[in-house]
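Read off the chains here:
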Amino acid sequence: MDKNNFVPQIPYGTRDLLPREANQKRIVEGALAGLFSRWGYDEVVTPTFEYMETITLGTGNAMQEHVFKFFDKNNRILGLRPDMTTPIARVAATRLKERPLPLRLFYLTNVFRHEQAQAGRQCEFYQAGVELLGAPGPVADAEIIALAVEAMLEAGLTNFQIGLGQVSFINGLMAESGLSPQEQHRVKYAMVTRDLVGLGEIVAQSGLSQAAGELLKQIPLLHGREDMLNDAYRLVNNELSRAALDNLADIHKLLQGYGVERYVNFDLGIIRDFDYYTGMVFEAYTPGLGFPLCGGGRYDTMLASFGVANPATGFALGIERLLLAMERQGIGVNVRVKDVYIAWAEGKLAEAIRVAKECRKAGRRAELALASSAKAAAETAIREEGYEELIYIE
Ligand SMILES: N[C@@H](Cc1c[nH]c[nH+]1)C(=O)O
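Read on for an overview of the structure. (Residues numbered from 1 in each chain as written. Predicted model: local features only at pLDDT ≥ 70, side-chain atom pairs only at ≥ 80, totals over all residues. Heavy atoms only, no water.)

So, about the nonpolar core. With 102 residues, the main nonpolar core has Phe-36, Phe-169, Phe-282 and Phe-315 as its most contacted residues. The biggest single contributor to this core is helix H4 (residues 138-155), with eleven residues. With near-sequence residues (within four places) excluded, Phe-36 lies in contact with Tyr-41, Phe-106, Ala-128, Gly-129, Val-130, Leu-147, Ala-151 and Phe-315. Core analysis: the next-biggest nonpolar cluster, separate from the first, contains 20 residues, Ala-352, Leu-390, Ile-391 and Tyr-392 among them. (Core = buried A, V, L, I, M, F, W, Y, C linked by side-chain atoms within 4.5 Å. Buried < 20%, exposed > 50% of the residue type's maximum accessible area, 1.4 Å probe, protein only. Helix = DSSP H or I, 4+ residues; strand = E, 2+ residues; numbered from the N terminus. Contact = heavy atoms within 4.5 Å.)

Pasting the structure below:
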C-alpha cells in the first residue's frame, strides 16, 4: 500500500472528541459531579471490562448481543461494560457490602454497546449517572427523578420532559392477558421499540379476546398528566397494575415537593431496553433529539443476583446526547477562553518564561511562543488563535 495514501480509520461507532467538544464535555461533567456530590453521592470508578458472567447476571439476556466480547489469557470471556448499573451492583454486593445503607454512588464514564451508529448514538458513549442502593419506596424514586431533572437544568437545558412509567403496570396486564411467555416477550419488544403496527399484529395473532387485545394496544397511548392515572385505573382489574398506578401517584406527590412536577408526564408505555427494571421507569426527551437523553428506574432484584438482596434505583444521562441537544437548541457551553499569548523578541525567552509562569500562577491560561517573532506577526497570531491579550516581551 502506498504509505502516503493510507488514511487510518477509527472503529465503527466510535468518535474522536476534538478540543472544543472535549472541553465542553469536561465542563458539563464537572458541573454534574458537583451537583451529585451536593446531593450526597460519592464517585466510584470500576474496570472498563468485566467477566461476561457478571454482565449477564446484571443486565439479563436482552443486552447480550450488544456487548463487545473478547478473551483474557485464560480464555475467560470478558465484555466491555454496556452500562454502569451492573458494575456498581457488583461493587455494592461485594466490597461495599458492610457499609451502612443507603449507598449513594455516582459515575462519569464511558460505556459500550453494539448499536446502529448515528449522531447521538455511538457504540462507545459517555454517561453521567447515579445509583441509590438499599432504599425501597417512592421517596428514593422521587429523589432519583428530581436529581435527573436538576442534572439537565444544571447542564443548561430547560426544554425537556420526563416520561414516567411503571413496569409492573404492564407486567400485571400481561399476567392478566394469558399470553404465552414468548408472546409477552414479543409484545414487550414492540413496546420498547414503539412499534405500534407490530404490536397490533402480535395481538391479532395471539387469539386474545377483543377486549384484552384492545387493552394491550392501548398501553402505549396511556400518557398524560395525573387524570390519565385515573383513566388507567379504570381500565385494569389486577392488583399488580393497580399497585403500580398507586406507586406512580405517590412518586408524583413527592415530585411536587421538589417543585419539578412540571417536567414530568406519565407514560405507561415506557419499559426501557434493560430487563432488570422492576418498578418505576423513566426517560427524558428534548426537542430535536429522537431518542432519550436520560433514563433510569427501579431495579430491586439485581443485587440479589450478586448475593445481597437489596432494592435499588438510579438513572444515567448521555453526555453526548446532552451536548447535541444543547447545540441544536442554541445553548452554549461557556468553554474556557484563551487568555494570553506571550510572544518575545530575540534574546528575551528567559523573561517570557518568567512572565508565563506568573500568568499561570494567577490562574490565567497562557500560551508561550516557541520561537521569537516580530510584534506584528505575534498580533496576527493572537487574532487567528482567538487569544484575548498579547504580552510582547522586547
Ligand atoms: N444503566 C441504565 C440507567 C440506569 C441507572 N440506574 C438504573 N438505570 C442505562 O444505561 O440506561
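Structure's up, so let's keep going.
Take the site of the ligand next. For the ligand, the set of nearby residues contains 17 residues, the closest of which are Asp-83, Thr-85, Glu-131, Arg-272 and Tyr-277. One of the side-chain N or O atoms of Asp-83 is found 2.9 Å from a nitrogen atom in the ligand. One nitrogen or oxygen atom from the side chain of Gln-127 is found 2.9 Å from an oxygen atom belonging to the ligand. Burial of the ligand by the protein chains amounts to 97% of its free accessible area of 300 Å². (Near = heavy atom within 4 Å. Polar contact = N/O pair within 3.5 Å; in protein donor to acceptor, adjacent residues only side chain to side chain. Areas by Shrake-Rupley, 256 points an atom, 1.4 Å probe, with all protein chains shown as cover.)

Looking now at the pairing of strand S7 (residues 161-166). Along S7, five of the six residues are buried, which leaves the element largely enclosed by surrounding structure. Pairing of S7 with strand S10 (residues 280-285), which is carried by six bridges, proceeds in the antiparallel orientation. Bridged to Leu-164 within S10 is Phe-282. Bridge count for S7 against strand S9 (residues 264-267) is three bridges, and the pairing is parallel. Bridge pairing links Ile-162 to Val-264 in S9. (Pairing = 2+ DSSP bridges.)

Everything listed here is a matter of coordinates, which is why it stays silent on function.
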